[in-house]
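# Summary of structural features
Each chain is listed here by its residues.
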Amino acid sequence: MLLAFAPHIACVLGAAAAVASDAFEQRRAAVTFAVAGLVAGAALAFVASARAPELTGDVVLSGSGFSAAVAVICAIGALVVLGSWRHLLRAESGGGLAALAAVSVAAAASAATAADILVLLIALEAMAICAYALVWSAKTSASVEAAVKYFVQGAIATGLFVLGLAILFGLYGGSTGYVWIRGVIGTETGPPVTTAFVLIAAALAYKIGAFPFHSWALDVFETAPPQFSALLAGVPKLAAVVAMLILFSRSIFAGLDPAYNFWVFASLAVLSMVFGATGGLLQRSYTRMLAYSGVAQIGYALVGVAIGAVAMTPVALLVTAYALAAAGAFLAAGVVRAERPGWDGTIGGLAGIGRERPILGVGVVVMMFSLIGMPLTAGFWGKFLVFGVAVSAGYWWLALIGVTASVVSFGYYGAVLRALYFDSPFESEPQAEGGERDIPSLVAVTLIALLVVAIGTVPLVVGLQGLLGFLTFA
Amino acid sequence: MSLLVVTVGLFSLGMYGALTRRDLVAILASIEVMLGSATLLLVGLAAAGTPVGPSEGAVEATGVMVIVLAAAEAAIGLALVISVARRFKTTRIDELAEVKG
């Protein structure tokens, strides 16, 4: 019972200690507390993941894959906050920002394991409110504007979710637990159920930034401090995708016609994959390109969501791989910004980094390979398994679109690799002075790169079962 | 039934406002109407005595939670709007043109 909530409590305690330390201007202590809370959360969830799945207090799911997802979320959060160390020590009220990051991770962990639709709503909202503030915290005109536009769209999505919840709960409820609502709905597919389905699916599609609900993502990830983009690109999407899988294929809406479920999410998947893969080709900004890549990756994940319960483990693996690679790629942007204060944020501006900074260069290469889905990286297993499930379920055309989109997206990931190693910096442009090494970020990028490679290679030696077993939701 | 018509009507009104108004304060108000209509649905259902489930008072509790949520959202929304007003000297969303979206 206690172990089910322990990871969430650890994260929130870390955040509370961070806020308290920040009040006494102890910024270093604040960031340390936030990281410590997240690490403790990851460790506790890892311990809990060895247990059989259980429904605790009708509120959260814990054990096996559910706890494993929480462990992954907390671990990525800890790595990102560690990587933001330098940024947080310098930013105005950096301790508070560290606390916000830790709270958003706790909220993501709650969303991923919610077994009660009210808990899911509150967790998603807590995640979003932290995200608005983190995006705003760059305090440039662009980031303030991106934050307010993000807020307006996010608030509309919340409105849709709340109405969906009210209809579902009002007409069938009596209790907000998934198990209860599932029992009451049964196999009914009348207008109220389908309306609630559409409203909640739209709200969640917005949270994960699937096309056509993606427009906030492009501006937000381009303009937010890269350290916070690293957090917001992966962790909330991982949480929302797991929540979608539980909601749509395992609980409340599992009684709907599978074909209905399939076509809604398959069309979102195809649109996201096509839009993300082609739109990114036109981008010059590195972080905006990563935002497009995020839309494409969510498209691959939605392929699995469309197929349903059998795709749960592959999808969780795919989104984990994405969250890791996106965190590393955005943190790398933060490292470059610290070292080259004059960097205009373009992919071309990365010229020569690979040769000047070998460790950073190799780190970015690993992230890009994982996002492409190259073998020997975590991204390969995610795509391989998701497309494999699609083919064996008879939707080979969906896998074909996914593979084609991956090949097309090589265009923009490849552009980064070319800039890193083959382009030389413009000779005429003198390098701006005053650059500094961002060692904590570099350490975080290296750790993430090692994890990505370990997930990619270890299964080749010991077999894929260990990896799949870790994220099995049964 | 009439409850459903009223609340869905209110919700649509709020959503129409949120999508078409260009002033951030008006958008914020429209969003509050959207959330308020969902609360009204919950409260109305609770007053009508439906539905009956295992946990008594769950509908009312959910309604209170939605109100708290709306308040939290209004708080951060107003903070963002004030920040925009200070920086850009306007609260019209179409006059902000720093980002592409």
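Criteria and cut-off values
Residues numbered from 1 in each chain as written. Chains lettered and ligands numbered in written order. Predicted model: local features only at pLDDT ≥ 70, side-chain atom pairs only at ≥ 80, totals over all residues. Heavy atoms only, no water. Helix = DSSP H or I, 4+ residues; strand = E, 2+ residues; numbered from the N terminus. Buried < 20%, exposed > 50% of the residue type's maximum accessible area, 1.4 Å probe, protein only. Lys, Arg positive; Asp, Glu negative; His and termini not counted. Salt bridge = Lys/Arg side-chain N within 4 Å of Asp/Glu carboxyl O. Polar contact = N/O pair within 3.5 Å; in protein donor to acceptor, adjacent residues only side chain to side chain. Core = buried A, V, L, I, M, F, W, Y, C linked by side-chain atoms within 4.5 Å. Domains from an automatic or database assignment. Contact = heavy atoms within 4.5 Å. Expected span 1.5 Å × (residues − 1). Axes fitted to C-alpha atoms, helices over the stretch in contact; angles between N-to-C directions. Parallel < 35°, antiparallel > 145°, perpendicular 65-115°, else oblique. Left-handed = near helix turned anticlockwise from the far one by under 90°. Nonpolar A, V, L, I, M, F, W, Y, C, P; charged D, E, K, R; others polar. Buried area = accessible area lost by both parts, 1.4 Å probe. Patch = residues over 30% accessible without salt bridge, like charges linked within 9 Å, V, L, I, M, F, W, Y side chains within 5 Å. Areas by Shrake-Rupley, 256 points an atom, 1.4 Å probe, with all protein chains shown as cover.

### Points about the side chain of E73 of chain B
- Relative to the assigned elements, E73 of chain B resides in helix α3 (residues 58–88).
- In this structure, E73 of chain B is buried with no salt-bridge partner, the nearest side chain bearing the opposite charge being K207 of chain A at 6.5 Å.
- Separated by 3.5 Å, the side chains of E73 of chain B and T158 of chain A make a polar contact.

### Describing the nonpolar core
All names here are of chain A.
- Ranked by internal contacts, the top residues of the largest apolar core, which has 220 residues, are F161, F248, F253, F265, Y286 and L302.
- Of all the elements, helix α14 (residues 312–339) adds the most residues to this core, at 20 residues.
- Three or more residues apiece are contributed to this core by two domains, here domain 1 (1–113) and domain 2 (114–470).
- Sequence-distant contacts of F161, that is, excluding residues within four places in its chain, are made with I117, L120, L121, L124, I200, A203 and L204.

### Looking at helix α13 (residues 286–307) of chain A
- When the terminal C-alpha atoms of α13 of chain A are compared, their 32 Å separation across 22 residues agrees well with the 32 Å that a helix rising 1.5 Å per residue should span.
- With its phi angle positive at about 110 degrees, G308 of chain A sits one or two positions after the end of α13 of chain A.

### Details of the packing of helix α6 (residues 117–136) of chain A against helix α11 (residues 226–250) of chain A
All names here are of chain A.
- Packing of α6 against α11 leaves a shortest axis separation of 11 Å and a crossing angle of 165 degrees. Between α6 and α11, the angle falls in the class roughly antiparallel. The crossing of α6 and α11 is left-handed. Between α6, through L120, M127, A131, L134 and V135, and α11, the contact on the second element is made entirely by F228, L231, L232, P236, A239, A243 and L247.
- Per-class residue counts for the contact of α6 with α11 are twelve nonpolar, no polar and no charged.

### Thoughts on the interface of chain B and chain A
- Tallying the contact residues gives 41 residues for chain B and 41 residues for chain A.
- Taken over both partners, the interface formed by chain B and chain A buries close to 3700 Å², and the fraction arising from carbon and sulfur atoms is 79%.
- Counting the contacts that link chain B with chain A gives zero salt bridges.
- Contributing elements (two or more residues each) for the side of chain B that touches chain A: α1 (2–20), α2 (24–48) and α3 of chain B.
- Per-element accounting of the side of chain B that touches chain A gives the leading share, 15 residues, to α3 of chain B.

### A few points about the pattern of salt bridges
All names here are of chain A.
- Throughout the structure, instances matching the rule amount to nine salt bridges over all chains.
- With a shortest N-O distance of 2.7 Å, R288 and E222 are connected by a salt bridge. Here R288 is found in helix α13, whereas its partner E222 is found in helix α10 (residues 215–223), with 66 residues between them in sequence.
- One salt bridge in this structure joins E339 and R357, with 2.4 Å as the shortest N-O distance. Placement of the pair is E339 in helix α14 and R357 in the loop between α15 (353–356) and α16 (358–372), with a sequence separation of 18 residues.
- Residue classification places E339 among the buried residues on the basis of a relative accessible area of 11%.

### Here's the deal with a nonpolar patch on the surface
- Taken together, L376, V458, L460, V461 and V462 of chain A make up a surface patch of nonpolar side chains, about 500 Å² in accessible area.
- Within the element layout of this structure, L460 of chain A appears in helix α19 (residues 439–462).

### Overview of the packing of α14 of chain A against α19 of chain A
Residues and elements named next belong to chain A.
- Axis separation between α14 and α19 bottoms out at 9 Å; the angle between their running directions is 155 degrees. It follows that α14 is roughly antiparallel to α19 by the angle criterion. When you trace α14 past α19, the crossing you get is left-handed. Contacts between α14 and α19 involve L324, A327, G328, L331, A332 and V335 from the first element and S441, L442, A444, V445, I448, L451, V452 and I455 from the second.
- The residue inventory of the contact of α14 with α19, partitioned by class, reads twelve nonpolar, two polar and no charged.

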